[in-house]
Amino acid sequence: LLYMVFRDAVEATLVMLSVPFALVGGVYLLWSMEVNFSVAVAVGFIALFGVAVETGVVMVVYLHEALDKRIRRAASTETDLSGADILAATEEGSVLRLRPKLMTVATTLLGLTPILWAAGTGADVMRPIAIPMIGGMVTSAVHVLLVTPVIFILFKERALRQGNLVASAVV
């Protein structure tokens, strides 16, 4: 599905890289809280992966939108795009996505943290769902906010050197 959206296997892979980062955080918190893998934990991971991929897609779309503006501007003024333009566009797109991503992480953490200390009907099921989501949201946020833009820059600079850098078909 991601390939159909981005029409590029590299872009789809870039988005999917958020899943292993989310997995690391979820597994680490499970291990540190001494919770065994169960169906409820699997449900938590599925929900976590959905949020991680969604935020990865939005980050890449914002990065493309900022880069596409610069590509179109360079084409209309008949100037060459440089690596500095790619860096500036990536910074612009990342900054636009910073607050929404931090708000998503904060609301998820604030909403799920009380479940960790819940004791009552349903707590034995809800706690294993919340644990991987809490751990994975932290590492997924780090990945989407820091690693994704860096990888985006690397791929776009390579495309620029090869002469393949064009406006995306996504935006």
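For the structure, check the block above.
What you see is a predicted model, and the numbers here were worked out from it, not measured in a lab.

Here the structure, examined in full by the defined rule, presents three salt bridges. Two residues, Lys156 and Glu11, come together in a salt bridge whose shortest N-O distance is 2.9 Å. Taken as a pair, Lys156 in helix 6 (residues 123-162) and Glu11 in helix 2 (residues 9-16) lie far apart in primary sequence, 145 residues in all. Across this residue pair, the class does not change: Lys156 and Glu11 are buried. Its salt-bridge partner being Arg70, residue Glu92 comes within 3.7 Å of it at the nearest N-O pair.

Okay, the packing of helix 4 (residues 39-77) against helix 6 next. For any two helices packed against each other, one specifies the inter-axial angle together with the distance between the axes. It is at 8 Å that the axes of helix 4 and helix 6 come closest, and there the two elements cross at 25 degrees. It follows from the interaxial angle that helix 4 and helix 6 lie roughly parallel. The interaxial crossing formed by helix 4 with helix 6 has right-handed handedness. Grouping the constituent residues of the contact of helix 4 with helix 6 by class yields 22 nonpolar, seven polar and one charged.

Here we take up a nonpolar patch on the surface. On the surface, Leu1, Tyr3 and Met4 cluster together into a nonpolar patch covering about 440 Å² of accessible area. In this fold, Leu1 is placed in the segment before helix 1 (2-6). Residue Leu1 is classed as exposed on the basis of its relative accessible area, which comes to 82%.

Inspection of every chain in the model, using the stated rule, returns two aromatic pairs. A ring pair is formed by Tyr28 and Trp31, whose centres lie 5.8 Å apart and whose planes are at 40 degrees; its orientation type is tilted. Of the two residues, Tyr28 and Trp31 both sit in helix 3 (residues 18-32), three residues apart, roughly one turn of that helix. A relative accessible area of 62% places Trp31 in the exposed class.

Here we take up the packing of helix 2 against helix 3. Interhelical geometry of helix 2 versus helix 3 gives an angle of 10 degrees and a closest axis separation of 5 Å. Viewed along their axes, helix 2 and helix 3 adopt a mutual orientation that is roughly parallel. Of the residues in helix 3, those touching helix 2 at Leu14, Val15 and Met16 are Ser18, Val19 and Pro20. Here the contact of helix 2 with helix 3 is built from residues that sort into five nonpolar, one polar and no charged.

Analysis parameters
- Residues numbered from 1 in each chain as written.
- Predicted model: local features only at pLDDT ≥ 70, side-chain atom pairs only at ≥ 80, totals over all residues.
- Heavy atoms only, no water.
- Salt bridge = Lys/Arg side-chain N within 4 Å of Asp/Glu carboxyl O.
- Helix = DSSP H or I, 4+ residues; strand = E, 2+ residues; numbered from the N terminus.
- Buried < 20%, exposed > 50% of the residue type's maximum accessible area, 1.4 Å probe, protein only.
- Axes fitted to C-alpha atoms, helices over the stretch in contact; angles between N-to-C directions.
- Parallel < 35°, antiparallel > 145°, perpendicular 65-115°, else oblique.
- Left-handed = near helix turned anticlockwise from the far one by under 90°.
- Nonpolar A, V, L, I, M, F, W, Y, C, P; charged D, E, K, R; others polar.
- Patch = residues over 30% accessible without salt bridge, like charges linked within 9 Å, V, L, I, M, F, W, Y side chains within 5 Å.
- Areas by Shrake-Rupley, 256 points an atom, 1.4 Å probe, with all protein chains shown as cover.
- Phe/Tyr/Trp six-rings, centres within 6.5 Å; stacked < 30°, edge-to-face > 60°.
- Contact = heavy atoms within 4.5 Å.

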